[in-house]
Amino acid sequence: MDPFIALADPIRRDLLRTLASGPARVVDLAARHPISRPAVSKHLRLLTEAGLATVEDRGRERHYALARPGLAPVRALLDELAGRRPPIPERAFDALELEVRRTVHDGRAGTDAAPGTAISQEESA
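Residues numbered from 1 in each chain as written. Predicted model: local features only at pLDDT ≥ 70, side-chain atom pairs only at ≥ 80, totals over all residues. Heavy atoms only, no water.

## Overview of the packing of helix H2 (residues 10–20) against helix H4 (residues 37–49)
At step 1: At a closest axis distance of 10 Å, the pairing of H2 and H4 adopts a crossing angle of 75°. Put simply, H2 runs roughly perpendicular to H4. Contacts from Ile-11, Arg-12, Leu-15, Leu-16 and Leu-19 of H2 reach H4 at Val-40, His-43, Leu-44, Leu-46 and Leu-47.
At step 2: A breakdown of the residues in the contact of H2 with H4 according to their chemical character gives eight nonpolar, one polar and one charged. (Axes fitted to C-alpha atoms, helices over the stretch in contact; angles between N-to-C directions. Helix = DSSP H or I, 4+ residues; strand = E, 2+ residues; numbered from the N terminus. Parallel < 35°, antiparallel > 145°, perpendicular 65-115°, else oblique. Contact = heavy atoms within 4.5 Å. Nonpolar A, V, L, I, M, F, W, Y, C, P; charged D, E, K, R; others polar.)

## Notes on the side chain of Thr-18
At step 1: Summarising the element assignment, Thr-18 is placed in helix H2.
At step 2: Ignoring any residue separated from it by four or fewer positions in sequence, one finds Thr-18 in contact with Leu-29 and Arg-32.

## Quick look at the pairing of strand E2 (residues 53–58)
A regular strand carries its side chains on alternate faces of the sheet.
At step 1: Pairing of E2 with strand E3 (residues 61–66), which is carried by six bridges, proceeds in the antiparallel orientation. Counterpart to Arg-58 in the pairing with E3 is Glu-61.
At step 2: Connecting the antiparallel pair E2 and E3 is a turn made up of two residues, with Gly-59 showing a positive phi of about 65°. (Pairing = 2+ DSSP bridges.)

Shown next as structure tokens:
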């Protein structure tokens, strides 16, 4: 099963949140939800098939745990989406160029000279 399909269900997402805290028994997971224990078991089976959970039999009990490596495709998509930025509009570069020119001009003008009365080093020599 595709991990994205498995994550589409809110009960399965909540089960994963619980499993992120540590392994849990089916009976404990079922006690947290208003659905039957067999329904919780079915959700857990789907999470296991999607590679998002692991199961270990301990005697008569089944313990489920979060399978963090199964989240890699989800993390990769989120990283890809977070890395995409809209292109910078040309007018932003125009504004940046204007600001750079002002800064350079103000730097040449010096701190003692009045605005508009700056003399370049070539003219003063």
